[in-house]
Structures are given as C-alpha cells and as structure tokens.
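An overview of the molecular structure
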Amino acid sequence: MVDLNKAMYDILVIGMISSTILFVSGLLLFFLQNSNPTQTTITHYSTLGVFVQQLLALRASAVLMFATIVLIGTPIARVFLSVIVFAINRDHKFVAITGIVVAILLLSIILGYFWNLSID
Amino acid sequence: MEVTVTFLAICFLAAVFAGFFGGLFGIGGGAIIVPFLTVFMGVPIHEAIAISLVSVIATSNAGGSSYLEQKITNIKLAMYLEVATTIGALVGSVVTLLLRSSVLFMIFGILLTYVAISSFKSRTSDERRMVRNEFANAKQDAISKYLGLTGSYFDASEKKQVDYHVNGASKGAIISSFAGVTAGLLGVGGGVIKVAAMNMFMNVPLKAAVGTSKFMIGVTAAVGALLFFVAGVVDVYVLAPIALGTTLGATLGTLIMNRLRSYALKVGFGFLVTYLAYTMFAQGLALAFSIHLPMGG
C-alpha cells in the first residue's frame, strides 16, 4: 500500500518549492537584465523552440513563463499521480472516479485549444 | 505594466493578505485579488481573472499541502467532488455563451446570501454537533457508503479527535458543480461554495471542509487557468509577486486555522460571503441596469 496522503503531500510540496524558486529567480533576472524601470508586455512565443532557447539563455520572461507552467502543472500532476496510487492500492472504485476527472481535464484542454484557435 | 520594486512589493503584500484569508477559510482568495488588481493596479478585468486563477493554484499547492500534513484533508471526498466541480467548470464555459452574465451574477448573489445567512445562523452548530457526537453517528446515503466516505481529524482548539460520516453525496455533488461553474465563469467563489456544500449538506465538520476545499480548488482553477494560459492572457510579471505572496499567505493561514474555534471561523466566513454576495449583486446591477454601487466594477 502506498500512503496516498504522503504521495499527495510530496507532489504539492515539490510543485510549490520549484515554482517559488523559479518565480524568485525570474524576478531577480529581470532586475539584472533591465537597469531602468521597464515597460513589460505579455510575452508570446511563436514556437516551443524559441521558448526553450530563451529559457536556456535565462531570459527573465521565459523563466517566469516556465514557473507558471510548473505551477499550473502541479494540481494536474497530482490528479494523474492519484490514479496511479489508487491503482497500486487496488482501489478500483477510485481509479474510476479519478479517471473521470483526468478525462474532463483532457477534454477542457482540447476545448481550450479549439477555443483559442477560434478567437485567433 | 511598468515593473518596479514598489509595484512588486504592493502586489506581494496584497497577495499575502488574500492568501492568508484563503488559507483560513479554504478558498482561493480571488475575491480579494481580482478587485485589488482591477481597482488599485489598473489591470484589465480579463487579465486580472486570469492572474487570479493561476494564483489560486499557488495557494492550493501551499495550503493544500499544509492541511495534508496536518491530516485534515479528506482526499477521497475531494476526488469524488472533483468530478462534479470539473464538470461544472466545463459546463460553465458553455453556459456563459447562453445566459446573460447579469443573470448569472444575480443567481450567485442569491446563492451566496443564503450561504451567508446560514453561516451566521449555524455559527455554534459545529461545536454542538461535536459534543453530541452527531458527526460520527450520521446515517450515510448509498453513494457515501459505497465509496467509504468517512473521515477523522484532530481538532486543535477542542483538543480531540473528530470522526465523521459523510452523507448527502448527491446533493453535495450538485452544489459543488455550481462551485465549478462560478470558478470557470467569474474567477471567484469556487471555494466558498465547496466549503458550504460539505459543511451544510454533507455532514463534514467545518475544519475538514476547509482543508478538503483548499486541496480541491487547485484542480478546479487549473481547468480555467490552462485555458487562459494557452490563450496568452497571463502577464507573468504581475503573476510572479501575486503567486509568491499568496503562497506565503496561505502557509500562514493554514498554520493557525486549526487552533481557532469553529465558531470564530464561521462568523469570519459569514462576513466574507456577505461581501461576496454584495459584489455579485453590484456587478449584476451594473450590467443589467447600469446602476453603479461602490466597488461594483
């Protein structure tokens, strides 16, 4: 039996600590890279490749963007992890219940993607 | 947005405040963050809702993990209700297209007024039910029994272990789906309705409801946050200090919640919901009749 409480705690703490470190680093990098007060705009990356390049170059906005991805990814990761833990513990009722939540999350990502295309 | 140290510091401090109350009452704090960003910082409403939704995830990571450590969270109950809230969040986006938003604001205003009145009226009921052992002796409905939805936590102000049997599973799920709708639609109010649904209709002690809601809101918010993030309306320079502040605030709030009396929490919760109900009516009136109440947006 895997301790569900412990597994959920661990993944939330990992998400919290890593996103906090990334947000703080991103802000520090911003002040290192811009000496005067700077007007910022919402950053858009045309491709994933550009984003990764900017991230590796430690551009402040890319680091902050990565922090946001880690943050939003944490609760989604914990839903996926709970399916695995319930499966290992042979709690079939809750594998089904959590599976439904995973399906709805995926559906909303797909809907969001098409909605995004339709407003472009 | 002009990013300066002062700007970051003001956002951070406001977020600590929002995160603290969010931790205490099991809510996201969007009700504080959205008006703060729009009224005081001049952030456009859609960007404010997007930032608020992402910051709700930050408070849920911080507050949720703290309540897991304190063993207050009922994970199975959370998973069960998450089916309802995520469906609600999804339905919410469809409903927005069909209903006028002024009607929605009014509906939620009425719902929240009811929650506020019940919170004040039932302020001593948690303590009374603990003394009479009603939480542990409740008869379960078929769904709660089938899923084995029971729970137990140590109440630090009463200094005793509180056991409870969940009931009213279908009623709770229907009301929680409304929580999903509000979260997806208005960026606020998800946690308030979850806490009320569990405590008022499902025989869950207030503190267990707060801990469980705090754990759940991250997933509900993730549905909307993901959509906004993909659509590219999240300004990471405003988000960064807000996310850091709510993380700190939620941690502080969750550390003291269990030491407070349920009575005090209920009264505080009642005031918070009264304020929320007011903002809903104010926004509804502004949209429908162009009547502008203070802070109504």
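Not measured: the values here are computed from a predicted model.

1. What about the overall build of chain A?
Each helix and strand in chain A was counted, giving 4 helices and 1 strand. Along its sequence from the N terminus, chain A presents helices and strands in the succession α-β-α-α-α. Relative to its full complement of 120 residues, chain A shows a buried share of 35%.

2. Looking at the overall build of chain B
Scanning chain B for helices and strands turns up 13 helices and 3 strands. For a compact globule of 297 residues, the expected C-alpha radius of gyration is about 19 Å, and chain B comes in at 18 Å, within 12% of that figure. Judged by the C-alpha coordinates and their principal axes, chain B covers about 55 × 40 × 35 Å. Going through the 297 residues of chain B one by one, you find that 61% of them count as buried. The contacts in chain B between residues at least 6 apart in sequence include a share of 81% that link residues at least 24 apart.

3. A word on the environment of Tyr 263 of chain B
Residues and elements named next belong to chain B. Here Tyr 263 shows up in helix H13 (residues 262-289). Classification of Tyr 263 by C-beta neighbours within 10 Å gives partly exposed; the count is 15. For Tyr 263 and Arg 123, which are 140 residues apart along the polypeptide, the C-alpha to C-alpha distance reads 5.1 Å. When sequence neighbours within four positions are dropped, the list of residues in contact with Tyr 263 reads Arg 123, Thr 124 and Glu 127.

4. Overview of unusual backbone geometry
For residues besides glycine, phi is generally negative; the peptide bonds are generally trans as well. Here Arg 90 of chain A, not a glycine, exhibits a phi torsion of approximately 55 degrees, which is positive. By secondary structure assignment, the location of Arg 90 of chain A is in the loop between helix H3 (60-88) and helix H4 (92-119). By C-beta crowding, Arg 90 of chain A is classed as exposed, having 8 other C-beta atoms within 10 Å. The phi torsion at Asn 133 of chain B lies on the positive side, around 65 degrees, for a residue other than glycine. Within the secondary structure, Asn 133 of chain B is located in the loop between helix H6 (125-131) and helix H7 (134-137). In this structure Asn 133 of chain B comes out as exposed when scored by C-beta crowding, with 12 C-beta atoms within 10 Å.

5. Details of the interface of chain A and chain B
How big an interface is tends to be expressed through the accessible area that disappears when the partners come together. Counting from both sides, the interface comprises 47 residues of chain A and, opposite them, 47 residues of chain B. Of all the elements in the fold, those that place two or more residues in the side of chain A that touches chain B are helix H1 (4-33), strand S1 (38-39), H3 and H4 of chain A. Among the elements that take part in the side of chain A that touches chain B, H4 of chain A stands out by supplying 15 residues, more than any other. When grouped by side-chain class, the residues that make up the side of chain A that touches chain B number 29 nonpolar, 17 polar and 1 charged.

6. As for the pairing of strand S2 (residues 150-155) of chain B
All names here are of chain B. Alternating residues of S2 divide into Gly 151, Tyr 153 and Asp 155, all buried, and Thr 150, Ser 152 and Phe 154, none buried. Judged from the 6 bridges that link them, S2 and strand S3 (residues 160-165) form a sheet pairing that is antiparallel. Bridging from a neighbouring strand, Gly 151 pairs with Tyr 164 of S3. Linking S2 back to S3 in an antiparallel pair, the connection comprises 4 residues, with Lys 159 at a positive phi of about 55 degrees.

7. Let's talk about H13 of chain B
The terminal C-alpha atoms of H13 of chain B, which comprises 28 residues, lie 40 Å apart, in line with the 40 Å expected from a rise of 1.5 Å per residue. Note on H13 of chain B: the residue one or two positions beyond its end, Ser 290 of chain B, has a positive phi of about 55 degrees.

8. Some thoughts on helix H12 (residues 236-257) of chain B
Here H12 of chain B is 22 residues long and its end C-alpha atoms lie 30 Å apart, about the 32 Å a rise of 1.5 Å per residue gives. When you tally the buried positions in H12 of chain B, you get 17 out of 22 residues, the bulk of the element.

9. Quick look at the environment of Val 91 of chain B
All names here are of chain B. On the secondary structure map, Val 91 appears in helix H4 (residues 75-98). When the 16 C-beta atoms within 10 Å are taken as the criterion, Val 91 is described as partly exposed. Sequence separation between Val 91 and Ala 50 is 41 residues, and the spatial gap between their C-alpha atoms is 18 Å.

10. Some remarks on the nonpolar core
Nonpolar side chains tend toward joint burial in soluble globular proteins. Ranked by internal contacts, the top residues of the largest apolar core, which has 135 residues, are Val 54 and Ala 225 of chain B. Of all the elements, helix H11 (residues 206-231) of chain B adds the most residues to this core, at 16 residues.

11. Notes on the packing of H3 of chain A against H12 of chain B
H12 of chain B packs onto H3 of chain A with a crossing angle of 55 degrees between their chain directions and a minimal axis gap of 10 Å. With respect to H12 of chain B, the element H3 of chain A is oriented oblique. Remark: the crossing between H3 of chain A and H12 of chain B carries left-handed chirality. Note on element contacts: H12 of chain B touches H3 of chain A through Val 236, Tyr 237, Leu 239, Ala 240 and Ala 243 of chain B, opposite Ser 61, Leu 64, Met 65, Thr 68 and Leu 71 of chain A. Along the lines of polarity and charge, the residues of the contact of H3 of chain A with H12 of chain B split into 8 nonpolar, 2 polar and no charged.

12. Topic: the confidence of the model for chain B
Residue and element names in this part refer to chain B. Looking at chain B as a whole, the pLDDT averages 86, with 95% of positions reaching at least 70. Strand S1 (residues 2-3) is the least confidently modelled element of chain B, averaging 78 in pLDDT, while H12 averages 94, the highest of any element. Here the predicted complex carries an ipTM of 0.88, next to a pTM of 0.89.

Conventions and cut-offs
- Residues numbered from 1 in each chain as written.
- Chains lettered and ligands numbered in written order.
- Predicted model: local features only at pLDDT ≥ 70, side-chain atom pairs only at ≥ 80, totals over all residues.
- Helix = DSSP H or I, 4+ residues; strand = E, 2+ residues; numbered from the N terminus.
- Buried ≥ 20, exposed ≤ 12 C-beta atoms within 10 Å, placed from the backbone.
- Rg over C-alpha atoms; globule rule 2.2 N^0.38 Å.
- Contact = placed C-beta atoms within 7 Å.
- Nonpolar A, V, L, I, M, F, W, Y, C, P; charged D, E, K, R; others polar.
- Pairing = 2+ DSSP bridges.
- Expected span 1.5 Å × (residues − 1).
- Core = buried A, V, L, I, M, F, W, Y, C linked by C-beta atoms within 7 Å.
- Axes fitted to C-alpha atoms, helices over the stretch in contact; angles between N-to-C directions.
- Parallel < 35°, antiparallel > 145°, perpendicular 65-115°, else oblique.
- Left-handed = near helix turned anticlockwise from the far one by under 90°.
- pLDDT = per-residue confidence, 0-100.

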